[in-house]
Amino acid sequence: MASITMTINGTTVTTEPGTTILEAAQSAGIHIPTLCHHPALPPVGACRVCLVEAEGSGKLLTSCTTPAAEGMSVRTHSPRVLEARRFVVEMILLRHPLDCFSCPSNGNCELQDIAYELGIEESSFAEEGDTCRDHPLEEDNPYFVRDLNKCILCGRCIRACDSLARYHAVDFHNRGIHTMVHPPADRTLEESDCTFCGQCVQLCPVGALAEKPSRGRGRPWELHPVTTVCPYCGVGCELEIQVNSKTGRIANVTSDYGSPTSLNRGRTCVKGRFAWQFVHSGERLTTPLVRRDGELREASWEEALETAAAGLQRIKSDHGPDSLGFFSSARCTNEENYLMQRLAREVVGTNNIDHCAHL
C-alpha cells in the first residue's frame, strides 16, 4: 500500500497507512503533549490534551486516535489548539491537589510537565473547596499506594489491567464529579482480581499510584536505569533496575514497554516488580558458610565445595546413591539446571532430582 504524505506544522511528513497523526508527528520529531495516551495501550482519545487542528476540519481532532490521511495539513500548536489545550489542563487541575513537593511523582509527572509547557501554575476556574480531598489513602497492600484524590481519570490503569495484565480488576465507577477508578461491587483492591503486577502503577501519569518499596529511596532525577533480567523464574523478563546514583543502591524496579530486546514487552508480575529488597537485605548470604562443631562459620569457596563434596561422597558410600536427592532452582539459568541434573545422574548416580518451579 502506498505511503501517505502529509504536512505537520509546514513540514512534509511521509508515513504508512494506519498511522495516527500523533505517530506521524512523533516519527518526524514533532512534539504533541498527551496524558491518556501510552504507546503500550490502545488509544482512546479521552483526555483531549493531544488536540490538533487539521485544515478543512471544522473541529479539533484528537491526534492519538485520528488516522493520518493523504494531503492532510495539521497544526499542532496553533492559537486555537493552545487555547483548547490550556482549557483541558486547567479543568483537570480544577480538582487535582497541587501537593507537588510531597508527591512521589514530583519530577516524573506528565501532568506537571504539560502544565509547565503551557505556563499554567493553577486552574483559573478553581474556587475554594474544589480540590479533591474526599478519598482516604489506600495503602493496605505491601506493594503500592492509591491516592484517588490525585487521579485524573485518564483510564490508563484500567486499560493496563485489561490489555496487559488481562484481568479488568478496576473500572470507572459513578458519574460526573463522583467518577472514580475502583474494583467492582464496592470491593477493595485486595478483594478484587488484582494480582498486584504493578503495571498500572508505572503507566499512571501522575501520583495517584505509587510504589511502596521505593518510598524514600531517591527522587526520579537521582535514578538511572540498568537493564537486567528478572531472577525469579525461567521466563527471562527484562527489567529496568532504577539505581540511586547517590547511594548506589536499588530504589525501584520498572520495565521498558518499548524495548526491542524485551521478551515480556514491559509486562511484569508482582515478584519481578516489587520483591527486590532481598538484594540489600542484611540477612542475605554473601559468603559461603560451613558448619564446624555445630556452629556455622565463614569459609572460602574452595573449603565450602570440598566440604560439600566430602559429605556427598560419605553418604553415597555408606547408604548408596539413591540416599541422595538434588533440588535445583528456578533462579538458575537453563544451563545451570542442565548441569545439575548431569551431576546427579552421571556423577552421583541417582535420578532423585527435582526443581522448585512447579511448587
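Calculation notes
- Residues numbered from 1 in each chain as written.
- Predicted model: local features only at pLDDT ≥ 70, side-chain atom pairs only at ≥ 80, totals over all residues.
- Heavy atoms only, no water.
- 1 Å grid on protein atoms, 1.4 Å probe; cavity = no way out; pocket = protein on both sides within 12 Å on 5 of 7 lines; lining within 4 Å.
- Points joined across faces, edges and corners; volume = space filled by probe spheres on them.
- Helix = DSSP H or I, 4+ residues; strand = E, 2+ residues; numbered from the N terminus.
- Nonpolar A, V, L, I, M, F, W, Y, C, P; charged D, E, K, R; others polar.
- Buried < 20%, exposed > 50% of the residue type's maximum accessible area, 1.4 Å probe, protein only.
- Contact = heavy atoms within 4.5 Å.
- Phe/Tyr/Trp six-rings, centres within 6.5 Å; stacked < 30°, edge-to-face > 60°.
- Pairing = 2+ DSSP bridges.
- Axes fitted to C-alpha atoms, helices over the stretch in contact; angles between N-to-C directions.

### Observations regarding empty space enclosed by the protein
Sizing a probe to match a water molecule and rolling it over the atoms shows the empty space that remains.
Right, on to step 1. One pass over the full model with this rule turns up 1 cavity of 30 Å³ or more.
Right, on to step 2. In this model, the largest cavity occupies a volume close to 300 Å³.
Right, on to step 3. Every residue lining the largest cavity is counted, 30 residues in all, and those nearest its centre are Cys157, Val170, Val181, Cys200 and Leu209.
Right, on to step 4. Within the residue set of the lining of the largest cavity, elements represented by two or more residues are β6 (144-146), α4 (156-165) and α5 (199-203).
Right, on to step 5. Among the residues making up the lining of the largest cavity, the classes are represented as 24 nonpolar, 4 polar and 2 charged.

### A word on the side chain of Thr20
Right, on to step 1. On the secondary structure map, Thr20 appears in the loop between β2 (11-15) and α1 (21-27).
Right, on to step 2. The exposure class assigned to Thr20 is buried, which follows from its relative accessible area of 12%.
Right, on to step 3. Those residues within four positions of Thr20 in sequence are excluded, and the remaining contacts are Ser63, Cys64, Thr65, Thr66, Pro67 and Ala68.

### Brief notes about the packing of aromatic side chains
Right, on to step 1. Counted under the stated rule, the structure contains 6 aromatic pairs.
Right, on to step 2. Between Tyr143 and Phe274 the ring centres are 5.5 Å apart and the planes differ by 40 degrees, which places this aromatic pair in the tilted class. Taken together, the positions of Tyr143 in the loop between α3 (110-118) and β6 and Phe274 in helix α6 (residues 270-274) put the pair 131 residues apart, joining distant regions of the chain.
Right, on to step 3. The exposure class of Phe274 is buried, given its relative accessible area of 3%.
Right, on to step 4. On the numbers, 5.6 Å between centres and 50 degrees between planes, the contact of Phe144 with Phe196 is tilted. With Phe144 in strand β6 and Phe196 in the loop between β8 (180-182) and α5, the pair connects residues that are 52 residues apart, well separated along the chain. You'll find Phe144 and Phe196 in the same group, each marked buried.
Right, on to step 5. Every member of this aromatic cluster is reached through a ring pair, and the members are Tyr143, Phe144, Phe196 and Phe274.

### A word on the sheet that holds β2
Right, on to step 1. A sheet is described by the order of its strands in space; here 5 strands give the open sequence β2-β1-β5-β3-β4, paired in mixed fashion. The open sheet has two free edges, formed respectively by β2 and β4 (61-62), since each of these has just one partner strand.
Right, on to step 2. Looking at chain direction, strand β1 (residues 4-8) and strand β5 (residues 73-75) are connected through 2 bridges and run parallel. Paired with Ile8 across the bridge in β5 is Val74.
Right, on to step 3. Lying over the sheet, helix α2 (residues 79-93) contacts β3 (51-54) and β5, oriented at roughly 155 degrees with respect to β3.

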